[in-house]
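A structural walkthrough
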Amino acid sequence: MKFTVGQEVWIAWMRHRGARYETVKKVGRKWVEVGPNHARFDMATGEAEADSSQIYMSKEDHDERIRRFKVFTAFRESVGYRWAFRDTVVSSERLIEIAAELGIKIDVPKGEA
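The following paragraphs examine the structure supplied in this document. Note that the structure is predicted; figures quoted are calculated from it, not measured. Residue numbers restart at each chain and count upward from 1, following the sequence in its written direction. Two thresholds apply to this predicted model, a pLDDT of at least 70 for residue-level local features and 80 or more for giving and counting side-chain atom pairs, whereas whole-chain, interface and lining totals are computed over all residues. With hydrogens and water stripped out, all remaining heavy atoms of the structure feed into the side-chain values.

Take the pattern of salt bridges next. Criterion for a salt bridge: a side-chain nitrogen of Lys or Arg within 4 Å of a carboxyl oxygen of Asp or Glu. Following the criterion strictly, the structure yields seven salt bridges and no others. Residues Glu-22 and Arg-20 are paired through a salt bridge, measuring 2.7 Å at the closest nitrogen-oxygen approach. You can call Glu-22 buried: its relative accessible area is 8%. Residue Lys-59 is joined to Asp-63 by a salt bridge in which the shortest nitrogen-to-oxygen separation is 2.7 Å. Here Lys-59 and its partner Asp-63 are both found in helix α1 (residues 59-82), four residues apart, which amounts to about one turn of the helix. Accessibility expressed as a relative area gives 35% for Asp-63, which makes it partly exposed. Connected through shared salt-bridge partners, Arg-94, Glu-97 and Glu-101 make up one network. Per-residue accessibility, obtained with a 1.4 Å probe over protein chains only, is compared with the maximum for each type, and a residue is labelled buried under 20%, exposed over 50%, and partly exposed between these values. Counting from the N terminus, the helices are the DSSP runs of H or I reaching at least four residues and the strands are the DSSP runs of E reaching at least two.

Written as structure tokens, this is what we have:
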């Protein structure tokens, strides 16, 4: 993430402080400081120094991350608990593609997929 002083960023504050736009006050090599209390966030990960608050470039970025998390959780629960193997549901090639897209390594013996 790239920040500039004066930029408005979306902060998802933890500890029941809600979420809102805050102004970037200072940009360093590793940290960006925002808001009236100069809270520090790691520029590479977006994680707060002091708690589990998170910085986003916009509210839309935050909302998309939450949506992606909810979709992934629903997918994981569906596959993990309710999905039964059916030959007609999806090909082995597509399953391997899906696993790769999710960063899941599957060891498939040669000639078997």
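It is worth spelling out the nonpolar core at this point. Among buried residues, those of type Ala, Val, Leu, Ile, Met, Phe, Trp, Tyr and Cys that are joined through side-chain atoms within 4.5 Å constitute a nonpolar core. Formed by Phe-3, Val-9, Ile-11, Trp-13, Val-24, Val-32, Val-34, Ala-39, Phe-41, Met-43, Ala-48 and Ile-55, the largest nonpolar core amounts to 12 residues. Counting only elements with at least two residues in this core, the list comes to β1 (8-12), β3 (31-34) and β4 (39-42). Here a residue-residue contact requires only that any non-hydrogen atoms of the pair lie within 4.5 Å. Those residues in contact with Ala-48 that lie beyond four places of it in its chain are Arg-40, Phe-41 and Ser-53.

With that settled, consider the layout of surface pockets. The way it works is a 1 Å grid over only the protein atoms, where trapped points that fit a 1.4 Å probe form a cavity and open points with protein on both sides within 12 Å along at least five of seven lines form a pocket, and then any residue with an atom within 4 Å of a point lines it. Grid points are joined across faces, edges and corners, and a volume is the space filled by probe spheres set on the points. Of the pockets and cavities examined, the second largest pocket occupies roughly 220 Å³. Lining the second largest pocket are 18 residues; nearest its centre among them are Trp-13, Arg-17, Asn-37, Ala-39 and Asp-51. Within the residue set of the lining of the second largest pocket, elements represented by two or more residues are β2 (19-27) and β4. Examining the composition of the lining of the second largest pocket, we find that three residues originate from one element, β4, more than from any other. Under the grouping applied here, Gly and all other residues not named as nonpolar or charged are polar, the nonpolar ones being Ala, Val, Leu, Ile, Met, Phe, Trp, Tyr, Cys and Pro and the charged ones Asp, Glu, Lys and Arg. A breakdown of the residues in the lining of the second largest pocket according to their chemical character gives seven nonpolar, four polar and seven charged.

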